[in-house]
Amino acid sequence: MEKKIRVLVAKVGLDGHDRGAKVLARFLRDSGFEVIYTGLHRTPQEVAMAAVDEDVDVVGISLHSGAHLALVPKVVNYIREYGGNPDEMLILVGGVIPTDDIVELKKMGVDEVFIPGTPISEIVEFIKKKLPEKRKKK
Amino acid sequence: MNAEEVVEGLLSGNRRALARAITYVENEYPESKEIMKHIFPKTGRAHVVGLTGFPGVGKSTLVSKLTEEFRRRGKKVGIIAIDPGSPFTGGALLGDRLRLDGMDSRKALWTDPGIFFRSMSSRGRAGGLAAKTGDVVRLLDAFGFDVILVETVGAGQSEVDIIEVADTSVVVMMPETGDEIQVNKAGILEIGDIYVVNKADLGGAEKVERWLKYMLSLDEESVQMLSQMTHADEAKVASGEFFERRKGWSPPVIKTVADRGEGIKKLADAIEEHFEYMKKSGLIEKRRRERVKRELFEIVMNDVIKLVKEKTNYRDLIMKLLKGETDPYTAAEQIVEEVIQNAGKG
Ligand code: B12
Ligand SMILES: Nc1nc2c(ncn2[C@@H]2O[C@H](COP(=O)(O)OP(=O)(O)O)[C@@H](O)[C@H]2O)c(=O)[nH]1
Ligand SMILES: [Mg+2]
C-alpha cells in the first residue's frame, strides 16, 4: 500500500486570518492528502507536538501577523525537542511574509514560502515533487 | 526507525516511537507484523471506550472534556479520532483535533505528556472505523494509556464496528436527530452501553431521553419475559447476541452540554462503572474473546488469500469461470485443495 501523505496545517500565535489556511486544507484534501488542521491561536509547542504525534510528512504554518521570524524557528526547535526530526519533514510557511524574510526563514530550515496570490495547485505540485527528495536524503 | 527500535522506544515511553508505530501499522508496512508480535503481550490493561453518533452531535467535544476529566482522575488518555476519507481522491480532512480544548486551561491538553491524540482517516471504509483501528488501540494500550477513547466517523448508518474494539460503547445523540424514528434506527438500541443526549441546552433533550429510556426498558422487559418462558431456546434467540453482550447492565441515559462541560463527571462515572461491571460480571472476557477470535480470523484470512495468490492457479480458474466451464463453488474447492497440497512446499 502506498503511504498516504499527511499534512499539518497550523495557525500559530495571535493571528485570526484563517481563510487561507482553511482554503488550503480543503484543496489539499481534494488533492488526495490527509490533512490535519489545528484551528486558530496555537502555540509553537502545541503545533510541534501535534506534528510529532500525528507523524506528519509536511508541517504547514500559516502566518499573517508579522511574527513569523520569532514563531517559525520555535516550531522547528520544539519538533526536535519532542523527538521528531524536522529534516525528514517538509516545512512550509504561507501568508503575509515580506520578501527579505523569506531568505531568513529558509536559513531556519523552511523548505519554501508561499505568499498571497500563490495558486494552491503550485503548493500541491511542490509537495509532490519535494517530499520524495526529502525522504531520500534522510 | 526499524521495527526493533520502534518496539523498544514504544515500550519505554517514547512518543515518537509510538507515532511511528502507528504510521507503520496504518500503512501496512512490512515492519508492522514484527511490531504487533512484540507488543501484543503488553496489551489488555487499558479500558477502551468508543464514542459513536451522527456527525455534529458533539463526539469530539465530549472526547475533549472526557479527556480532561480522566486526567483529573489521574488517568493517562490515548485518543483515536476517525474521520471519513474519500474513496475517490484518497484525501481526508481530519478535524477532530480542533476540538481538543479543556475547560480549565485549553493549552494543557495539546502538550500534556499524559495525552496522545491521533487522527485517522477511514480511507473509504464503511462501518465507522479505519481498517487498522484495532491494532492502533493495541499500540496505545502497550504504551501504557489507562483509557483509550475511540471516536468513530459518525456516518450515520449502523456503525456497529465500534462494539468490536470497545469495552464500553457510548452512543451520542442530540435533540434534533432524536425523534422516535432515529432512536429505532439501525442497531442504535443494541450497541450502546451508555447513551448520551448531548446539546441538552438546545431544548427537546427530555423528549429524546424519555424515548431512549422507554425503548431500552421495552427491550429489557421483553428479554426478561422471554427468559421466563418455557421454551428456553426461543428466549435465547429473541434476546440475541447483542443483549447477551451487556447482560445485567441497564444502559444509563445521560444528558450533557459538552461545550460547557455539563454532565461530564456523570458520564465519566458511568464509563468507569461500566468497566467495573464488565470485570466483575466476567462479561469483559466474553467480549475480548470474541474480539481476539475475530482478529485472528482476519489475519488468517489475509494470510490464506496471500497463499492462494502465490501458490495456486487461481487465474486459470477465473478464466474458466468466465467461460462458464466451472462454477465458483467447485473452483473454490479446487483452490483449497491446491493450497493444502502446496502450502508446505517452499
Ligand atoms: C481578509 C483579511 C482580514 C479578515 C480575516 C478573516 C479571516 N477569518 O481570515 C479580518 C477582517 C478579520 C482581518 C483582520 C485583521 N487584519 Co487582515 N487582512 C485580510 C486580507 C484583506 C485578506 C486575507 C485573506 O483572507 N486572503 C485570502 C487567502 C486565501 O489568502 P492567504 O491567507 O494569503 O493565503 C494564501 C497564501 O498566503 C498561502 N498560504 C496562506 N497560509 C498558508 C499556509 C501554508 C502551509 C501554505 C503552504 C500556504 C499558505 O496560500 C494561500 C493561497 O494563495 C489581508 C490582505 C491581503 N491581501 O493578504 C489583510 C491583512 C492580512 N490583514 C492585516 C491586518 C493588519 C489585520 C488587522 C490587524 C487589522 C486591525 N488593525 O484590526 C486585523 C487582525 C485580526 C487578527 N485577529 O489577526 C495585514 C497584515 C499586515 C502584516 N502582517 O504585516 C494585511 C496584510 C492587510 C495589510 N495590507 O495591511 N483581516
Ligand atoms: N449547543 C451546543 N453545541 C454543542 C454542544 N457540544 C458540542 N457542540 C457544538 O457542536 C458542533 C459539533 O461538535 P463536534 O464535537 O465536532 O461533533 P462531532 O462531529 O460529533 O465530533 C461544534 O460546533 C460544537 O461546538 C452542546 O452541548 N451544546
Ligand atoms: Mg468529530
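Since the structure is predicted, the reported quantities are computational estimates derived from the model, not experimental observations. (Residues numbered from 1 in each chain as written. Chains lettered and ligands numbered in written order. Predicted model: local features only at pLDDT ≥ 70, side-chain atom pairs only at ≥ 80, totals over all residues. Heavy atoms only, no water.)

Draft legend 1. Focus on the sheet that holds strand S5 (residues 112–114) of chain A. The strand order S5(A)-S4(A)-S3(A)-S1(A)-S2(A)-S3(B) describes an open sheet built from 6 strands, whose pairing is parallel. On the outer flanks of this sheet lie S5 of chain A together with strand S3 (92–94) of chain B, each paired with one strand and no other. Neighbour-to-neighbour, the strand axes of this sheet turn through a mean angle of 20 degrees, independent of strand direction. One ladder, built from 5 bridges, connects strand S1 (residues 6–11) of chain A with strand S3 (residues 58–63) of chain A; its direction is parallel. (Pairing = 2+ DSSP bridges. Helix = DSSP H or I, 4+ residues; strand = E, 2+ residues; numbered from the N terminus. Axes fitted to C-alpha atoms, helices over the stretch in contact; angles between N-to-C directions.)

Draft legend 2. View of the coordination of the magnesium ion (ligand 3). Residues and elements named next belong to chain B. Listed as protein donors to the magnesium ion (ligand 3) are Ser60 (OG), Asp96 (OD) and Glu151 (OE); their distances from the metal cover 2.1 Å. Mapped onto the polypeptide sequence, the residues donating to the magnesium ion (ligand 3) form the spacing pattern S-x35-D-x54-E. Residue Asp96 is located in the loop between S3 and helix H5 (106–111), and its partner Glu151 is located in strand S5 (residues 147–151); the two are separated by 55 residues in the primary sequence. Considered together, Asp96 and Glu151 belong to a single accessibility category, that of buried residues. (Donors = N, O, S within 2.8 Å, 3.2 Å for Na, K, Ca; no water. Buried < 20%, exposed > 50% of the residue type's maximum accessible area, 1.4 Å probe, protein only.)

Draft legend 3. The arrangement of the packing of helix H3 (residues 31–39) of chain B against helix H6 (residues 133–143) of chain B in detail. Residues and elements named next belong to chain B. Running from N to C, H3 and H6 point in directions that differ by 50 degrees, and their axes come no closer than 10 Å. As far as their axial angle goes, H6 and H3 are oblique. Two packed elements cross with a definite hand, and for H3 against H6 that hand is left-handed. On H6, the residues that touch Ile35, Met36 and Ile39 of H3 are Asp135, Arg138, Leu139 and Ala142. (Parallel < 35°, antiparallel > 145°, perpendicular 65-115°, else oblique. Left-handed = near helix turned anticlockwise from the far one by under 90°. Contact = heavy atoms within 4.5 Å.)

Draft legend 4. Structural detail: the interface of chain B and chain A. If you look at the interface, chain B gives 30 residues, while chain A gives 33 residues. When the two sides are added together, the surface that chain B and chain A hide from each other amounts to roughly 2800 Å², 50% of it contributed by carbon and sulfur. Among the residues of chain B in contact with chain A, B:Arg16, B:Leu93 and B:Trp110 are the three that bury the most area, contributing 24% of the side total. Counting the contacts that link chain B with chain A gives 9 salt bridges. For B:Arg20, the salt bridge goes to A:Glu88, with nearest N and O atoms at 3.4 Å. Counting across the chain B and chain A interface gives 15 residue pairs in polar contact (both at pLDDT 80 or more). (Buried area = accessible area lost by both parts, 1.4 Å probe. Salt bridge = Lys/Arg side-chain N within 4 Å of Asp/Glu carboxyl O. Polar contact = N/O pair within 3.5 Å; in protein donor to acceptor, adjacent residues only side chain to side chain.)

Draft legend 5. Up close: the coordination of the cobalt atom of ligand 1. If you check the protein contacts of the cobalt atom of ligand 1, you find one donor only, A:His17 (NE2), at 2.2 Å. Along the chain, A:His17 turns up in the loop between S1 and helix H1 (19–30).

Draft legend 6. Representation of the site of ligand 1 within the structure. Residue and element names in this part refer to chain A. Near ligand 1 lie 23 residues; those nearest to it are Gly16, His17, Asp18, His64 and Thr118. Contact distances for ligand 1 include 3.1 Å between an oxygen atom and a backbone N or O atom of Gly95. Thr118 places a main-chain nitrogen or oxygen 2.6 Å from an oxygen atom of ligand 1. Taken together, the residues that form the shell around ligand 1 break down as 8 nonpolar, 12 polar and 3 charged. (Near = heavy atom within 4 Å. Nonpolar A, V, L, I, M, F, W, Y, C, P; charged D, E, K, R; others polar.)

Draft legend 7. Local environment of the sheet that holds strand S8 (residues 253–255) of chain B. Residue and element names in this part refer to chain B. Pairing is parallel across the open sheet formed by 7 strands, whose spatial order is S4-S2-S5-S1-S6-S7-S8. Here the strands that pair on one side only, and so sit at the sheet edges, are strand S4 (115–121) and S8. The sheet shows a mean angle of 20 degrees between the axes of neighbouring strands, direction not considered. When strand S6 (residues 168–173) meets strand S7 (residues 194–197), the two strands line up parallel, connected through 4 bridges. Bridge pairing links Val170 to Ile194 in S7. Contacts from helix H4 (residues 59–72) reach strand S1 (47–52), strand S2 (77–83), S4, S5, S6 and S7, with the element oriented near 175 degrees to S5.

Draft legend 8. Geometry of H6(B). Residues and elements named next belong to chain B. Burial analysis of H6 places 10 of its 11 residues in the buried class, which makes it a mostly covered element. Among the residues of H6, those classed as buried are Thr133, Gly134, Val136, Val137, Arg138, Leu139, Leu140, Asp141, Ala142 and Phe143. Gly144 sits one or two positions beyond H6 and adopts a positive phi of about 115 degrees.

Draft legend 9. Quick look at the packing of helix H2 (residues 15–26) of chain B against H3(B). Residue and element names in this part refer to chain B. Packing of H2 against H3 brings their axes to within 8 Å, and their N-to-C directions diverge by 120 degrees. Of the possible angle classes, the one that applies to H2 and H3 is oblique. The handedness of the crossing between H2 and H3 comes out as left-handed. For the pair formed by H2 and H3, the contact residues are Ala21, Tyr24 and Val25 on the first element and Glu31, Ser32, Ile35 and Met36 on the second. For the contact of H2 with H3, the residue count by class is 5 nonpolar, 1 polar and 1 charged.

Draft legend 10. Broad picture of a nonpolar patch on the surface. A cluster of nonpolar residues, B:Leu296, B:Phe297, B:Val300 and B:Val304, forms a patch on the protein surface that exposes about 350 Å² of accessible area. Inspection of the secondary structure assignment puts B:Val300 in helix H13 (residues 283–311). (Patch = residues over 30% accessible without salt bridge, like charges linked within 9 Å, V, L, I, M, F, W, Y side chains within 5 Å. Areas by Shrake-Rupley, 256 points an atom, 1.4 Å probe, with all protein chains shown as cover.)

Draft legend 11. Seen up close, the site of ligand 2. Residue and element names in this part refer to chain B. Neighbouring residues of ligand 2: 17 residues in total, closest Gly56, Lys59, Thr61, Arg99 and Asp201. Interatomic distance of 2.9 Å between a backbone N/O atom of Ser60 and an oxygen atom of ligand 2. At 2.6 Å from an oxygen atom of ligand 2 is found a side-chain nitrogen or oxygen belonging to Thr61. Burial of ligand 2 by the protein amounts to 78% of the accessible area it has alone, namely 580 Å². By residue number, the principal contributor to the shell around ligand 2 is H4, which donates 3 residues. Here the residues of the shell around ligand 2 are counted per class, giving 6 nonpolar, 5 polar and 6 charged.

Draft legend 12. Seen up close, the pattern of salt bridges. In total, this model carries 42 salt bridges over all chains according to the counting rule given. With its nearest N and O atoms 3.7 Å apart, the salt bridge here joins A:Arg42 to A:Glu46. The exposure class assigned to A:Arg42 is buried, which follows from its relative accessible area of 3%. The class for A:Glu46 is buried, based on a relative accessible area of 1%. Through salt bridges with shared partners, one network takes in B:Glu68, B:Glu69, B:Arg72, B:Arg73, B:Lys75, B:Asp269 and B:Glu272.

Draft legend 13. Quick look at the domain arrangement of chain B. Residues and elements named next belong to chain B. Considered domain by domain, chain B is made up of domain 1 (1–40) and domain 2 (43–282). Each partner contributes residues to the interface: domain 1 has 18 residues there, and domain 2 has 18 residues. Counting every contact that joins domain 1 to domain 2 gives 1 salt bridge. Residues Arg123 and Glu26 are paired through a salt bridge, measuring 3.7 Å at the closest nitrogen-oxygen approach. Within the residue set of the side of domain 1 that touches domain 2, elements represented by two or more residues are helix H1 (3–11), H2 and H3. Looking at the side of domain 1 that touches domain 2, the element that brings in the most residues is H2, giving 8 residues. Considered class by class, the residues forming the side of domain 1 that touches domain 2 number 11 nonpolar, 4 polar and 3 charged. (Domains from an automatic or database assignment.)

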